Amino acid sequence: MKYQSQLVAQKYFIAALSLFLGQILFGVIMGMQYVVGDFLFPEIPFNIARMVHTNLLIVWLLFAFMGASYYLVPEESERELYSPALANLMFWIFLVAGALTVLGYLLFTYSELAALTFNELWPTMGREFLEQPTITKVGIVIVALAFVFNIGMTILTGRKTVVSLVLLTGLVGLAVFFLFAFYNPVNVVLDKYWWWWVVHLWVEGVWELILGAILAFVLIKVTGVDREVIEKWLYIIIAMTLITGIIGTGHHYFWIGTPDYWQWLGSIFSAMEPIPFFMMTLFAFNMVNKRRRDHPNKAAVLWALGTAVMAFLGAGVWGFMHTLAPINYYTHGTQITAAHGHMAFYGAYVMISLTMISYSMPIMRGKVANSQAAQTLEMWSFWLMTVSMVFITLFLTAAGILQVYLQRFTDTPITFMQAQEKIEIFYWLREVSGIVFLIGLIVYFISFFVKGEEPQGVEA
Amino acid sequence: MKETFTKSMARNIYYGGSMFFLLVFIGLTYDTHQEIPKRDNHEAINEVVALGKRVWEENNCIGCHTLLGEGAYFAPELGNVYTRFGESTEALKGFIKSRPVEGIPGRRSMPQFNLSEEELEGIAEFLKYVDGIETARDWPPNIQG
Ligand code: HEM
Ligand code: HEM
Ligand SMILES: [Fe+2]
């Protein structure tokens, strides 16, 4: 660690990983509710569990992005963080706000929570991923602004690198697009139109800049390849991201009452969205092959390569599968969507977070890399989680194909609930894979506590 | 990448390309907002529907159901439920009202939300309004949603 203030990242990462565990526990609960319908009913209805699962996901990823920024930016800017105190304060505000919100979901019915938080004054609740009470959303904006300010000041008063500027652009975009969460007209078509400005322009827009910047940073560190080369790749990857991904939003404007031209625009542009993900894979493998040093943190290199591959599979391949309008006509809002959502979020954003944590945590704990034993265990957890996520995706895809056929494609369609019963076996298999994922996560946690002889050497 | 392709070229493609497509997207958004009123069934929006949307949101219906294909995949699509229920708001209200508090043993069941008569009327009218939105190719593909 070159700068003392980078250390604030550590508590962000610890919070992120704890919430990750919560997310997965609720995922496993829901997986059970899919097959044993009355599991935990009416104490934890499915919609509540889902909200906890997805909101914890988003919040822990935000914690991880913030931690990553606090670690990365001082090092890139070659100066201490503008205000470590502000970073610490925002950590506690965000953690308390997040915890209270999740407790609110679990201790009250959702309508009680809405009343308690005066949703009627400015109704923003009850939309997928944006279920947080309006007051929590305001809190998120405050934390995001303070965070972007802190990071921005550090970057702008220090050495400016392509990596840190791309990261900053992504973070500003994240904050700006979140503001659309406050627009909630009664008109459902308009509501949906702008809702995607948060959701799509996040994951297929500005978040990819954050992903690219973190990946570039870690690759510079672990491969020692010339910064010039890596920065050129980064520019061209994010160029392709935004060139395809902005108009690519149109793949969500097929069936919600928007004009027909989106069928063409959305299909064509989003069909090119896999390109930047593919380039990311080429980029990561190329840099590792051209490495000028062998970094002792093998686990971090594995996570970095894994991110590139899994993001391409989940976002690129599984995204492409259902992004053309004539196909999406049948698959829209089915288990195919869930399959893609899982592998894309895991492959891109979960894995890049774990890459950064894997690279930086040992350094923050005073060593270049973990002991061989700890790394071996960490790599086991990599494979357990990644392979089980592949299986979750495959089982949901199988379920989705059958669902589409039985309920939408055949000449004699059956009802939603009848179709669900017929594909139950795949939900059982998904649940088994989910439990393996949970085991993988526990192994991952254990790897932090494994001791052993630590490799010698200087950090890059 | 070959040296003939320099970092500054890559940077220019990034700035130029993303700015250009962002502007195109804003233009398309403007145009879309001119077109939407022709098919969004806004004539049907009134106080009752507005209350209905609030009820929809404040009970997190989207946490189990899809609405025009967006939401959760645990329970049926509701964008066309008004049609599926024989175009009867009474049938919709009756269904929502009669959900058992303790659920149905072994099966997925919808919670009992204890809605008032006014809220029931609102949610039913809201679902009727959404069913009236003219989606492309009349999505969903069939009555089952
Ligand atoms: C890392 C990047 C990505 C993430 C995290 C992601 C995640 C998601 C999620 C969670 C949904 C479901 C949204 C909802 O609940 O309605 C979704 C929908 C969708 N995604 Fe992605 N996605 C990514 C990239 C892509 C790419 C690159 C493509 C196209 C090539 C794509 C195509 C689609 C399509 C077509 C839908 C709509 C599915 C439907 O009609 O139900 N996604 N994505
Ligand atoms: C890192 C791992 C995971 C990530 C990133 C993740 C992400 C997500 C996302 C984004 C959604 C919303 C899906 C959509 O709208 O398309 C979702 C829903 C869901 N997840 Fe996960 N999840 C993970 C692990 C799990 C596990 C291990 C299970 C359990 C076996 C699980 C079970 C579910 C279920 C049942 C849903 C609800 C799908 C529905 O609406 O019907 N998830 N998850
Ligand atoms: Fe998208």
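Thresholds applied
- Residues numbered from 1 in each chain as written.
- Chains lettered and ligands numbered in written order.
- Predicted model: local features only at pLDDT ≥ 70, side-chain atom pairs only at ≥ 80, totals over all residues.
- Heavy atoms only, no water.
- Near = heavy atom within 4 Å.
- Polar contact = N/O pair within 3.5 Å; in protein donor to acceptor, adjacent residues only side chain to side chain.
- Helix = DSSP H or I, 4+ residues; strand = E, 2+ residues; numbered from the N terminus.
- Nonpolar A, V, L, I, M, F, W, Y, C, P; charged D, E, K, R; others polar.
- Donors = N, O, S within 2.8 Å, 3.2 Å for Na, K, Ca; no water.
- Tetrahedral: all angles 85-135°; square planar, octahedral: opposite > 155°, others 65-115°.
- Axes fitted to C-alpha atoms, helices over the stretch in contact; angles between N-to-C directions.
- Parallel < 35°, antiparallel > 145°, perpendicular 65-115°, else oblique.
- Left-handed = near helix turned anticlockwise from the far one by under 90°.
- Contact = heavy atoms within 4.5 Å.
- Domains from an automatic or database assignment.
- Core = buried A, V, L, I, M, F, W, Y, C linked by side-chain atoms within 4.5 Å.
- Buried < 20%, exposed > 50% of the residue type's maximum accessible area, 1.4 Å probe, protein only.

**With respect to the site of ligand 2**
No. 1: As a structural note, the neighbourhood of ligand 2 is formed by 30 residues, with Y34, R50, H53, E128 and H342 of chain A the closest of them.
No. 2: The residues that come close to ligand 2 belong to more than one chain, namely chains A and B.
No. 3: Y34 of chain A places a side-chain nitrogen or oxygen 2.3 Å from an oxygen atom of ligand 2.
No. 4: Counting residues per element, the ones that place at least two in the shell around ligand 2 are α1 (8-35), α2 (46-77), α13 (335-364), α14 (372-409) and α16 (424-447) of chain A.
No. 5: Sorting elements by how many residues they give to the shell around ligand 2 places α1 of chain A first, with eight residues.
No. 6: Residues that form the shell around ligand 2 fall into these classes: 18 nonpolar, eight polar and four charged.

**Things to note about the coordination of the iron atom of ligand 2**
All names here are of chain A.
No. 1: Here the iron atom of ligand 2 is held by the protein donor atoms H53 (NE2) and H342 (NE2), which lie 2.0 Å from it.
No. 2: Taken together, the six donor atoms coordinating the iron atom of ligand 2 span angles of 85 to 178 degrees at the metal, a pattern that classifies the geometry as octahedral. Of the two residues, H53 is situated in helix α2 and H342 in helix α13; the sequence distance between them amounts to 289 residues.

**Some remarks on the packing of α1 of chain A against α16 of chain A**
All names here are of chain A.
No. 1: α16 packs onto α1 with a crossing angle of 160 degrees between their chain directions and a minimal axis gap of 9 Å. Comparing their axes, α16 and α1 come out roughly antiparallel. Regarding α1 and α16, the two cross each other, and that crossing is left-handed. In this structure, α1 uses L17, F20, L21, I24, L25, V28, G31, M32, Y34 and V35 to contact α16, whose residues at the interface are E424, Y427, W428, R430, E431, G434, I435, F437, L438, L441, Y444 and F445.
No. 2: Among the residues making up the contact of α1 with α16, the classes are represented as 17 nonpolar, two polar and three charged.

**Digging into the domain arrangement of chain B**
No. 1: As assigned here, chain B comprises domain 1 (1-39) and domain 2 (41-138).
No. 2: For domain 1 of chain B versus domain 2 of chain B, the separation of C-alpha centres amounts to 38 Å.

**A closer look at the nonpolar core**
No. 1: Formed by 175 residues in total, the largest nonpolar core has its most connected members in F20, W60, Y70, W207 and L354 of chain A.
No. 2: With 24 residues, helix α7 (residues 188-223) of chain A is the single largest residue contributor to this core.
No. 3: Viewed by domain, this core spans two of them, domain 1 (1-39) and domain 2 (41-138) of chain B, each represented by three or more residues.

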